[in-house]
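Observations on chain architecture
Okay, here's what each chain looks like letter by letter:
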Amino acid sequence: MGERVTLEQGTVTTGSSLQRCPLCAGSDIEVHLEATGGALAHDALGSSRTDVGHGKVLRCRGCGFVFSEFRPADEELHTLYREMNPTVYEKEAQGRLKTAQRHLKMVQRHIVGGRLVDVGCASGSFLKVAAEAGWTVTGVEPSETLANYAKKLLDGRGDVHCATLQQAKLQPQSFDALTLFDVLEHVTDPLAFLTECASLLKPGGYLFANVPDISSLQARVLGSRWPLLLAEHLNYFDRTTLKRCGDAAGLRWIAFDRRPASFTVEYVLYRLSQHGIPGSSLGHRMVQENSLGSMCIPVYLGETFAAWVRA
Ligand SMILES: [Zn+2]
């Protein structure tokens, strides 16, 4: 750790190549996928990304955890997220609301109300549906633009902290449920992060996380073209390593599930064409000229949803 690397302007310029597994600290590491670019810069971040390269992906032979070789320094990562371009993300608001409603159903299979914190709440779609269902909600979001959207969407029905989890300084043991939708894959130290999240829960409180699953059928079939292989994704869990991470964070695993995300046809084809999936470029050009493009469809990208209880 600690090696300084210099990349072009506007990208992460400090950080390190990882020599040890971020999950078990083992040093028996192999290359899982070779790099196809992967500097983490503004144009590689969020739904508006134009750069879909990913850095070299490694695998720990000890515990099986798969992770990106490059670990940006926390501070620069926070700056990138704070200034993220949310244009495309916001165009997909309709799908996001549908996905949020699905998330609420999955949460409410286990617990139906109380104090909930959504860490990485983005523009607040999930907070909105949870507040409408009677939850007392808090959001944490480092991007200023997204946090402002979330405040507007909630319209006073909850708190939104424009901060990282550490900066938000939430009261330990004060929540009945904590949600991490598409967050754990972005953090530099997933075990420390999950442990901190667990500490915010009351004993018996629930933690829910949704992550890209490197052992999913989609990841295995698509290989290096899997759309969730991205420079911004530092961690690639599967069900075994996700459970292991939860165990180490003091959580008791209770269930796995799969969640489709809803997007417009145009966005799905655009994303697939970025990853070189045959036929998608032509499809994208065709749907831009008619109403089919704005139709919202559920898509399984190869993710896993996990539920835990704090012991
Ligand atoms: Zn390991």
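One numbering rule holds for all chains: residues counted from 1, following each sequence as written. Only residues with pLDDT of at least 70 are given local features in this predicted model, and only at 80 or more are side-chain atom pairs given and counted; all residues enter the totals for whole chains, interfaces and linings. Values reported for side chains reflect all heavy atoms of the structure, with hydrogen atoms and water molecules removed beforehand.

With an unreviewed UniProt entry as reference, the protein chain is termed SAM-dependent methyltransferase, source organism Tunturiibacter gelidiferens.

1. Quick look at the coordination of the zinc ion
The textbook angles at a metal center are 109.5 degrees for a tetrahedron of four donors and 90 or 180 degrees for an octahedron of six. Water is not among the atoms examined, so metal sites may look incomplete; donors are the N, O and S atoms within 2.8 Å of the metal, or within 3.2 Å for Na, K and Ca. The protein atoms donating to the zinc ion are Cys21 (SG), Cys24 (SG), Cys60 (SG) and Cys63 (SG), with metal-donor distances spanning 2.3 Å. Irregular is the label for any site that misses the other tests, which are tetrahedral for four donors with all angles between 85 and 135 degrees, and square planar for four donors or octahedral for six when opposite donors exceed 155 degrees and the remaining angles lie between 65 and 115. For the zinc ion, the 4 donor atoms in the first shell make angles of 104 to 114° at the metal, a pattern classed as tetrahedral.

2. Quick look at the pairing of strand β8 (residues 158-161)
A regular strand places its side chains on the two faces of the sheet in alternate fashion. Sheet topology note: the strand β7 (residues 136-140)/β8 ladder contains 4 bridges and is parallel. By the bridge assignment, Gly139 is partnered in β8 with Val160. Here is how to tell: hold the view so the strands point away, follow the path from the first strand over the helix to the second, and if it runs clockwise the crossover is right-handed. Here a helix means four or more residues in a row that DSSP labels H or I, a strand means two or more in a row labelled E, and each is numbered from the N terminus. Regarding topology, helix α5 (residues 144-154) serves as the crossover connection from β7 to the parallel β8, and that connection is right-handed. By the convention used here, strands pair only if DSSP detects at least 2 bridges between them.

3. Observations regarding the packing of aromatic side chains
Pairing of aromatic rings covers Phe, Tyr and the six-membered ring of Trp, with a centre-to-centre limit of 6.5 Å; geometry is then stacked below 30 degrees between planes, edge-to-face above 60, and tilted otherwise. For the structure on display, the rule yields 9 aromatic pairs. Seen in terms of ring centroids, Phe65 and Phe67 are 5.9 Å apart; in terms of plane orientation they differ by 20°. Their pairing is stacked. Measuring from ring centre to ring centre gives 6.0 Å for Tyr206 and Phe208, while their planes differ by 10°; the resulting arrangement is stacked. Like Tyr206, the residue Phe208 is buried in the burial classification. Every member of this aromatic cluster is reached through a ring pair, and the members are Phe126, Phe181, Tyr206, Phe208 and Phe305. Lysine NZ or arginine CZ positioned within 6 Å of the ring centre and within 35 degrees of the ring normal marks a charge as sitting over the ring. Positioned above the aromatic ring of Phe175, the side-chain terminus of Arg115 is 4.5 Å from the ring centre. When the ring centre of Tyr300 is taken as origin, the NZ or CZ atom of Arg258, which lies over that ring, is 4.4 Å away. Each residue is placed in one exposure class: buried if its accessible area under a 1.4 Å probe, protein chains only, is under 20% of its type's maximum, exposed if it is over 50%, and partly exposed if it falls in between.

4. A closer look at the pattern of salt bridges
Any two side chains of opposite charge can pair, so long as their charged atoms come close to each other. By salt bridge we mean one thing: a side-chain nitrogen of Lys or Arg within 4 Å of a carboxyl oxygen of Asp or Glu. A full pass over the atoms with the stated rule returns 9 salt bridges. Between Glu30 and Arg59 there is a salt bridge, with the nearest N and O atoms lying 3.1 Å from each other. Of this pair, Glu30 sits in strand β2 (residues 29-33) while Arg59 sits in strand β3 (residues 57-60), and the two are 29 residues apart along the sequence. One salt bridge in this structure joins Asp176 and Lys202, with 3.1 Å as the shortest N-O distance. In this pair, Asp176 is assigned in strand β9 (residues 175-181) and Lys202 in strand β10 (residues 201-212), connecting sequence segments 26 residues apart. Given the relative accessible area of 17%, Asp176 is considered buried. What makes Lys202 partly exposed here is its relative accessible area of 30%. Through salt bridges that share partners, Asp28, Glu30, Arg59 and Arg61 make up one connected network.

5. Describing the sheet that holds strand β11 (residues 235-236)
Here we have 4 strands laid out as an open sheet, ordered β2-β3-β4-β11, and antiparallel in their pairing. Two strands bound the open sheet, and with one partner strand each, they are β2 and β11. In the sheet, strand β4 (residues 66-68) pairs with β11 via 2 bridges, with the strands oriented antiparallel. The residue of β11 that forms the bridge with Phe67 is Asn235.

6. Examining the nonpolar core
The criterion is simple. A nonpolar core is a set of buried Ala, Val, Leu, Ile, Met, Phe, Trp, Tyr and Cys residues joined through side-chain atoms within 4.5 Å. By size, the foremost hydrophobic cluster in this structure holds 37 residues, and its most contacted members are Leu178, Leu180, Leu184, Phe193 and Leu207. Listing elements by their share of this core, those giving two or more residues are β3, β6 (115-119), α6 (165-168), β9, α7 (190-199), β10, α9 (239-248) and β15 (303-310). At 5 residues, α7 tops the list of elements feeding residues into this core. In this document the domain limits rely on a domain assignment from an automatic tool or a database. Here this core gathers at least three residues from each of two domains, domain 1 (15-82) and domain 2 (87-310). Whether two residues are in contact is decided by their heavy atoms, any of which lying within 4.5 Å being enough. With near-sequence residues (within four places) excluded, Leu184 lies in contact with Pro190, Phe193, Leu194, Ala209, Val211, Asn235, Phe237 and Leu242. Tyr206, Phe208, Phe305 and Ala307 belong to the second-largest nonpolar core, a separate cluster that totals 25 residues.

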